[in-house]
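Descriptive analysis of the structure
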Amino acid sequence: MAASFAAQVVRGRWFMAYGSFLIMSAAGATYIFGIYSKDIKSTLGYTQEQLNTVGFFKDVGANIGIHAGLVAEVTPPWVVLAVGAAMNLGGYLMLYLSVAGRVRPAPPLWLVCLYIAVGANSQAFANTGALVTCVKNFPESRGVMLGLLKGFVGLSGAIFTQLYLAFYGPGGGGDTKPLILLVGWLPAAVSVVFLGAIRIIRAPPRPPAVARRDYRAFCAFLYVSLALAAFLLVAIVLQKRFRFTRAEYGVCAAVVFAMLLLLPLGIVLREEAALFKFNTRNVAARADDAPALPPPPVTTAATATKPQESAKLGLPRLLRPPARGEDYTILQALVSVDMLLLFTATVFGVGGTLTAIDNMGQIGESLGYPRRSVATFVSLISIWNYLGRVTAGFASEALLARYRVPRPLLVAGVLLLTVPGHLLIAFGVPGSLYAASVLVGFCFGAAYPMILAIISELFGLKYYSTLYNVGNVASPVGSYILNVRVAGRMYDREAARQGAVAAAGNDNKGGLTCVGTRCYRESFLVVAAVTLGAAAVTLLLAWRTRAFYAGDIYARFKEGTATANGGVAGETDAGVDSNSKSKQQAPEVHDGRRGDDPMH
């Protein structure tokens, strides 16, 4: 009995979700670039524009994942995760060796950009392998699942900061090179541990009672993550006010480990125990029934839709894409007006927040904040990034289910809320950088899961592995335009005007240092303006999709809807057949488990 329960836990959807949470908790190393970027600049003697170029390639690596999506279309998730782990270890290890001076002569700028792009690209593989798999396994709760998973990614910056302080000694303002090494080996190790657990588990439509129990489990995960975020916030405040010893940093890291590893595992065991008890009772009841009920007839949904599908295949499908919510092909999604609007809003809306996050270290320095405060800003962004993601995930799902509020409308509201944060940075009001980091972190976190959920809702889940990464491409495009071409150039121009060329022996080794509010004023006024434009574009998308969101967009995933209506219009044959097959083979298992091999 114990062995059967253990096998069920390891092979179950909830353990798969638990592994995904941990992978996501270690997959946000790109968000702490602001902590160690100063060491890259000073060690390698870069100007601000050169450093922003490195940051741009970091964003490129983290967000260009179309190749990861294409790999996921033809291989199981464990292959995607294994590739990502190898890239993470290789890229960040070479970056660490370069910054630590272990590579002589110092590598050129293009090679450093390549190192960080390869290391950061592992995040795209982790997202594709774990996050996309979770969305496919919990399709009717995709907003909540995206919010939770992206929330754990948002917390990863603060988690890495605590682990760095515990592993490599106190200070928070000293040598940050070991942090690069930490983000090289830890995410790779976590992905390798859960290679066998992350897999697609086909699930038939489920009854409302099971869906409600799933939602309660998601809420339990939310409470655990909220408790973890609260602890991290208190730890950050105390560490800023008092000087901790290494042992005290170790205690903080131990509490983080316990809350991250043990509490979510308890939720997994609770859910699987309830499912195990239900399945045991069901098997006993079926054994007592005589004669056994015949298997349900094969649903006619597939055959009912085949003539319609055959007719569609005879038309130029590119010119006549399916209705919103059905499975688009990759090409149909790419050429659609909805994708163009969403891509444009992400470029200038999310790109602006990335510009603020990547420059937080230099913004604090130019405004005269002590160096120890930079780690505080990055941790605040990380925590409020998390809060934005989980808030957007749960709130947008509730507003959509109860009031049919279109998700694009909520994204537009979030982008408008970002504008005051950019203006606070632009005008450099004393002490305002704390409030700006909160606003930017929250809005960046809130926008992302909703944008990714919109892609899955408008264009279907069949090719979501690739379309998810198409949406992510917009972020580095915006980062290049606003971070490198606008913020970086304007910073260097102002530094040259001030005549602040660093002397020999200075931290910057020939780099340019800008001091004062003028360093980022013009660039963040530009960022605020284009963010307003992005909000307007998102409002246009909300208007275009208002009729789609007025209906029940998750009808096909609810028990009784697909079969009662003879199948969901426009659903692919493969999708209908898989649901039918799931119903025949495992009618007694409410989570749709079919005993797939863990490595497939």
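Residues numbered from 1 in each chain as written. Predicted model: local features only at pLDDT ≥ 70, side-chain atom pairs only at ≥ 80, totals over all residues. Heavy atoms only, no water.

How we decide: UniProt positions are given in the numbering used here, feature names are shortened, and annotations may be inferred rather than shown by experiment.
The name given to the protein chain in an unreviewed UniProt entry is Nodulin-like domain-containing protein, and the organism recorded there is Urochloa decumbens. What UniProt states about the protein chain under its Subcellular location (unreviewed entry) heading is, verbatim, "Membrane".

1. A few points about the packing of aromatic side chains
Selection criterion: For this analysis, a ring pair means two rings from Phe, Tyr or Trp (six-membered ring only for Trp) whose centres lie within 6.5 Å, classed as stacked if their planes differ by under 30 degrees, edge-to-face if by over 60, and tilted for the remaining angles. Each helix is a run of DSSP H or I of at least 4 residues and each strand a run of E of at least 2, with the numbering of both proceeding from the N terminus. Relative accessibility decides the category of a residue: with a 1.4 Å probe and only protein chains considered, values under 20% of the type maximum give buried, values over 50% give exposed, and everything between is partly exposed. A ring is considered to have a charge above it if a Lys NZ or an Arg CZ atom is located within 6 Å of its centre and within 35 degrees of its normal.
Under the definition given, this model contains 23 aromatic pairs. Arranged with centres 5.9 Å apart and planes meeting at 50°, the rings of Phe 15 and Phe 194 form a pair that is tilted. In this pair, Phe 15 is assigned in helix α2 (residues 13–25) and Phe 194 in the loop between α9 (177–193) and α10 (208–241), connecting sequence segments 179 residues apart. Take Phe 15 and Phe 194: they sit in the same class, and that class is buried. Every member of this aromatic cluster is reached through a ring pair, and the members are Trp 14, Phe 21, Phe 138, Phe 152, Phe 218 and Phe 221. Between Lys 150 and the ring centre of Tyr 448, over which it is positioned, the NZ or CZ distance is 5.2 Å.

2. Considering the pattern of salt bridges
Here is the rule: We define a salt bridge as a contact between a side-chain nitrogen of Lys or Arg and a carboxyl oxygen of Asp or Glu at a distance within 4 Å.
Scanning the model with the defined rule gives 13 salt bridges in all. Across the pair Lys 58 and Asp 358 runs a salt bridge whose closest N-O atoms are separated by 2.6 Å. Separated by 300 residues along the polypeptide, Lys 58 in helix α4 (residues 48–63) and Asp 358 in helix α14 (residues 337–358) bring together distant segments of the chain. Its relative accessible area of 1% is what places Lys 58 among the buried residues. Here Glu 397 makes a salt bridge to Arg 407, at a shortest N to O gap of 3.2 Å. Of this pair, Glu 397 sits in helix α16 (residues 371–403) while Arg 407 sits in helix α17 (residues 407–427); the two residues are 10 residues apart in sequence, bridging distant segments of the chain. Taken together, the shared-partner salt bridges in this structure form one network comprising Arg 213, Arg 270 and Glu 271.

3. Details of the side chain of Lys 38
Applicable threshold: What qualifies as a polar contact is a pair of N or O atoms within 3.5 Å, subject to a donor-acceptor requirement within protein and to the restriction that residues adjacent in sequence count only when both atoms come from side chains.
Position of Lys 38 relative to the elements: it lies in helix α3 (residues 33–44). Residue class for Lys 38 comes out buried when judged on its relative accessible area of 11%. Within the structure, the side chain of Lys 38 is placed 2.5 Å from the side chain of Glu 365, a separation counted as a polar contact.

4. A short note on empty space enclosed by the protein
Using the following cut-off: Residues are said to line a cavity or pocket when one of their atoms sits within 4 Å of a point; the points come from a 1 Å grid over protein atoms alone, cavities being sets where a 1.4 Å probe fits but cannot get out and pockets being open sets with protein on both sides within 12 Å along at least five of seven lines. Grid points are joined across faces, edges and corners, and a volume is the space filled by probe spheres set on the points. In this count, Pro and Cys sit with the nonpolar residues alongside Ala, Val, Leu, Ile, Met, Phe, Trp and Tyr, while Asp, Glu, Lys and Arg are called charged and the others, Gly among them, polar.
Per the stated rule, a full pass over the model turns up 5 cavities of 30 Å³ or more. In this structure, the second largest cavity encloses a volume near 130 Å³. Residue lining of the second largest cavity: 20 residues in total, with Ala 27, Asn 88, Ser 122, Gln 123 and Pro 187 positioned closest to the centre. Looking at the lining of the second largest cavity, the elements with two or more residues in it are α6 (77–99), α7 (109–137) and α9. Top element by residues in the lining of the second largest cavity is α7. It accounts for 6 residues. Split into classes, the residues belonging to the lining of the second largest cavity amount to 12 nonpolar, 8 polar and no charged.

5. Topic: a nonpolar patch on the surface
Applied cut-off: Patch rule: a residue counts if its relative accessible area is over 30% and it has no salt bridge; like charges are joined within 9 Å, and nonpolar side chains (Val, Leu, Ile, Met, Phe, Trp, Tyr) within 5 Å. To measure how exposed things are, a 1.4 Å probe is used in the Shrake-Rupley method; for residues, cover is taken only from the protein chains shown.
On the surface, Leu 89, Leu 93, Phe 167, Tyr 168, Trp 185, Phe 257, Leu 261 and Leu 262 cluster together into a nonpolar patch covering about 670 Å² of accessible area. Elements with a minimum of two residues in the nonpolar patch: α6, α8 (142–168) and α11 (246–288). It is α11 that provides the largest number of residues to the nonpolar patch, a total of 3 residues. Turning to its location among the elements, Leu 93 is positioned in helix α6. Note on Leu 93: relative accessible area 34%, which makes it partly exposed.

6. A short note on the side chain of Ser 523
Keep this limit in mind: Two residues qualify as a contact provided that any one of their heavy atoms is within 4.5 Å of a heavy atom in the partner residue.
As for its placement among the helices and strands, Ser 523 is situated in helix α20 (residues 518–544). You can call Ser 523 buried: its relative accessible area is 1%. Once you skip the residues sitting within four places of it in the chain, Ser 523 turns out to touch Val 486, Ala 487 and Met 490.

7. Brief notes about α3
Filter applied, for reference: For a helix, the expected span equals 1.5 Å multiplied by the number of residues minus one.
In this model, α3 (12 residues) spans 16 Å end to end at C-alpha, consistent with the 16 Å of a helix rising 1.5 Å per residue. The element α3 is largely enclosed, with a buried count of 11 among its 12 residues. For α3, the set of buried residues is Phe 33, Gly 34, Ile 35, Tyr 36, Ser 37, Lys 38, Asp 39, Ile 40, Lys 41, Ser 42 and Leu 44.

8. Overview of the packing of α2 against α8
So the rule is basically this: Axis definition: a line fitted to C-alpha atoms, over the contacting stretch in the case of helices. Angles run 0 to 180 degrees between N-to-C directions. Orientation is classified from the angle alone, with under 35 degrees giving roughly parallel, over 145 giving roughly antiparallel, 65 to 115 giving roughly perpendicular, and any other angle giving oblique. Note: crossing handedness is left-handed where the near helix turns anticlockwise from the far helix by less than a right angle, and right-handed where it turns clockwise.
Interhelical geometry of α2 versus α8 gives an angle of 40° and a closest axis separation of 7 Å. Between α2 and α8, the crossing angle belongs to the class labelled oblique. Once α2 is placed against α8, the crossing between them reads as right-handed. When α2 is examined against α8, the residues Ser 20, Phe 21, Met 24 and Ser 25 are found in contact with a partner set consisting of Met 145, Leu 148, Leu 149, Phe 152, Val 153, Ser 156, Ile 159 and Phe 160. Here the residues of the contact of α2 with α8 sort into 9 nonpolar, 3 polar and no charged.

9. A word on the state of the cysteines
For clarity, the threshold we go by: The disulfide criterion is simple: two cysteine sulfur atoms within 2.5 Å.
Counted according to the given criterion, the structure contains 1 disulfide. In this model Cys 514 forms its disulfide with Cys 519; the gap between the sulfur atoms is 2.0 Å. A torsion of -95° about the S-S bond marks the disulfide between Cys 514 and Cys 519 as left-handed. Both residues of the pair, Cys 514 and Cys 519, belong to the buried class.

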